[in-house]
Amino acid sequence: MLRPKLQILSLSKVHRNGFGELRTSEGLTFLYSGKEDEEGVRKNGVRFLLSDAAKKHLLDWKSNSERIITTRFNSKARKIPVVHGYVPKNLASEHKDDFYSALNLTLKNIRKQDIVFVMGDLNAKIGTENVGSQRHMGTHRLGLRNDNEERILEFCHENDLTIGGTLFIHGDNHNAHYDRRVWADNVANCAQRAADSGNLREIYKALKILTAHRALKKKPLKDKRGELIVTSKGQFQH
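First, a word on what this report is: a plain description of the structure on this page. (Residues numbered from 1 in each chain as written. Predicted model: local features only at pLDDT ≥ 70, side-chain atom pairs only at ≥ 80, totals over all residues. Heavy atoms only, no water.)

Let us look at the overall build of the chain. Along its length, the chain carries 7 helices and 8 strands. With 238 residues in all, the chain has 33% of them scored as buried. Counted over contacts in the chain with a minimum sequence separation of 6, partners at least 24 positions apart contribute 53%. Of the roughly 16400 Å² of accessible surface on the chain, a fraction of 52% belongs to carbon and sulfur atoms. (Helix = DSSP H or I, 4+ residues; strand = E, 2+ residues; numbered from the N terminus. Buried < 20%, exposed > 50% of the residue type's maximum accessible area, 1.4 Å probe, protein only. Contact = heavy atoms within 4.5 Å. Areas by Shrake-Rupley, 256 points an atom, 1.4 Å probe, with all protein chains shown as cover.)

In C-alpha cells:
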C-alpha cells in the first residue's frame, strides 16, 4: 500500500521482462518496463506504482527500455511528464554513455511547455561544490564527484534541469543513509587503526557502531555462598 500522501512511486531493479500494466486488488496500478525478451534472464527493469487518484490523471506512458520508463500526467496548469531512470553501479562506461544518450533523447521528445520531473536510481552522489552550476544544483549534499556525478550535471545542463535534493538542508540521518558506504568505511578504518595500535577500547566502540547492538546485560556472578564476585580475578575463576 502507498502512504496516504504518496501518489506516485518509481522503482528500480524490479526483475521483470517485457512491459505492461497491472492492477491490484487494492486499486494500485503497476506500469513496468523490462527487457524485450520476456524469456531472457530477468535483470534490471523499472516500474511506476500509481495510486488510484494518480491513475485517473495519467494521460499516457511509454516503455523506453529496461532502464527508462516515461509517464505523463494531467494537471490544472500544465502537463507533467515523469521519467524514471536506472543506472546500475558497475555499469561499463560505454553503456553509461548509451543510457544518457537515450535519456537525453527521451527528454527531447517531451513538449517544451510541459513541467518535467526526472527521478530514479542513478547511483551517484553530488558534492557540495556548485561553482558554475548554481542553476542546476544547490550545496546540500555529501561526498566528492566522480564519473557518475559529472554525467548527471552534463545532463542537467543540456536539459536545463535542477537537482532538487541539493536545494534543501537534510537531516543527519538522511545524509548518513545517503552516504552510508563512506561512513561504514570510515568506521572500519578507525577500527583497523585501533587494532594496529592495540587500542581495545576504540575497537569495541567501532564494532558497537557497525553492528548497532548494545552490549548484552549479563547476570552478576555469585560465589557458592551467594555473594557477588566483584573482582576480575574471581570472575575469571568462574
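A few words on a negative patch on the surface. A cluster of acidic residues, Glu 36, Asp 37, Glu 38 and Glu 39, forms a negative patch on the protein surface. Residue placement: Glu 38 occurs in the loop between strand S3 (29-33) and strand S4 (46-50). (Patch = residues over 30% accessible without salt bridge, like charges linked within 9 Å, V, L, I, M, F, W, Y side chains within 5 Å. Salt bridge = Lys/Arg side-chain N within 4 Å of Asp/Glu carboxyl O. Lys, Arg positive; Asp, Glu negative; His and termini not counted. Charge placed at Lys NZ, Arg CZ, Asp CG, Glu CD.)

Moving on, we come to the pattern of salt bridges. Under the defined criterion, the tally for this structure stands at 6 salt bridges. Between Lys 108 and Glu 158 there is a salt bridge; the shortest N-O distance is 3.5 Å. Here the residue Lys 108 occupies a position in helix H2 (residues 93-108), and Glu 158 occupies one in helix H3 (residues 147-159), the gap between them amounting to 50 residues. You can call Lys 108 exposed: its relative accessible area is 51%. In the salt-bridge network here, residues are joined through shared partners; they are Arg 23, Asp 52 and Lys 56.

To continue, consider the environment of Asn 17. Position of Asn 17 relative to the elements: it lies in the loop between strand S1 (8-12) and strand S2 (19-23). For the pair Asn 17 and Glu 36, spaced 19 residues apart in the sequence, the C-alpha separation amounts to 6.5 Å.

Ordered by their spatial adjacency, 4 strands build an open sheet running S1-S4-S3-S2, and the pairing between neighbours is antiparallel. Taken across any chain shown, the strands that pair with only one partner, and hence form the sheet edges, are S1 and S2. On average, each strand axis in the sheet is tilted by 15 degrees relative to the strand beside it, whichever way the strands run. (Pairing = 2+ DSSP bridges. Axes fitted to C-alpha atoms, helices over the stretch in contact; angles between N-to-C directions.)

Tracing the sequence through the fold places Asn 104 in helix H2. For Asn 104, a relative accessible area of 12% gives the class buried. Once you skip the residues sitting within four places of it in the chain, Asn 104 turns out to touch Phe 155, Glu 158 and Asn 159.

What follows concerns the nonpolar core. Phe 99, Tyr 100, Leu 103 and Ile 152 are the most contacted members of the largest nonpolar core, which totals 17 residues. At the level of secondary structure, the elements contributing two or more residues to this core comprise H2 and H3. Sequence-distant contacts of Ile 152, defined by excluding residues within four places in its chain, comprise Tyr 100, Leu 122, Ala 124 and Ile 163. Listed in part, the 10 residues of the second largest apolar core include Leu 50, Leu 58, Ile 69 and Phe 73. (Core = buried A, V, L, I, M, F, W, Y, C linked by side-chain atoms within 4.5 Å.)

Summarising the element assignment, Val 118 is placed in strand S8 (residues 117-121). Residues Val 118 and Ile 163, spaced 45 residues apart in sequence, show a C-alpha to C-alpha distance of 9.2 Å. The contact partners of Val 118, leaving out residues within four places of it in the chain, are Val 83, Leu 107, Phe 155 and Leu 161.

The subject of this paragraph is the packing of aromatic side chains. By the definition in use, this model includes 2 aromatic pairs. Taking the centre distance of 5.1 Å and the plane angle of 85 degrees together, the rings of Phe 99 and Tyr 100 count as edge-to-face. Each of the two residues, Phe 99 as well as Tyr 100, counts as buried. Both rings, one in Tyr 100 and one in Phe 155, keep their centres 6.1 Å apart while their planes meet at 55 degrees; by these two values the pair is tilted. Taken together, the residues span a long stretch of sequence, with Tyr 100 in helix H2 and Phe 155 in helix H3 at a distance of 55 residues. For the pair Tyr 100 and Phe 155, one class covers both residues: buried. (Phe/Tyr/Trp six-rings, centres within 6.5 Å; stacked < 30°, edge-to-face > 60°.)

A word on the sheet that holds strand S7 (residues 80-86). Across the sheet, which stays open at both edges, the 4 strands sit in the order S5-S6-S7-S8 with mixed pairing between neighbours. Of all strands in the sheet, those with a lone pairing partner are strand S5 (58-63) and S8, marking the two edges. Pairs of neighbouring strands in the sheet enclose a mean axial angle of 15 degrees, with direction left out of account. Pairing between S7 and S8: 5 bridges, direction parallel. If you follow Tyr 86 over to S8, its bridge partner there is Asp 121.

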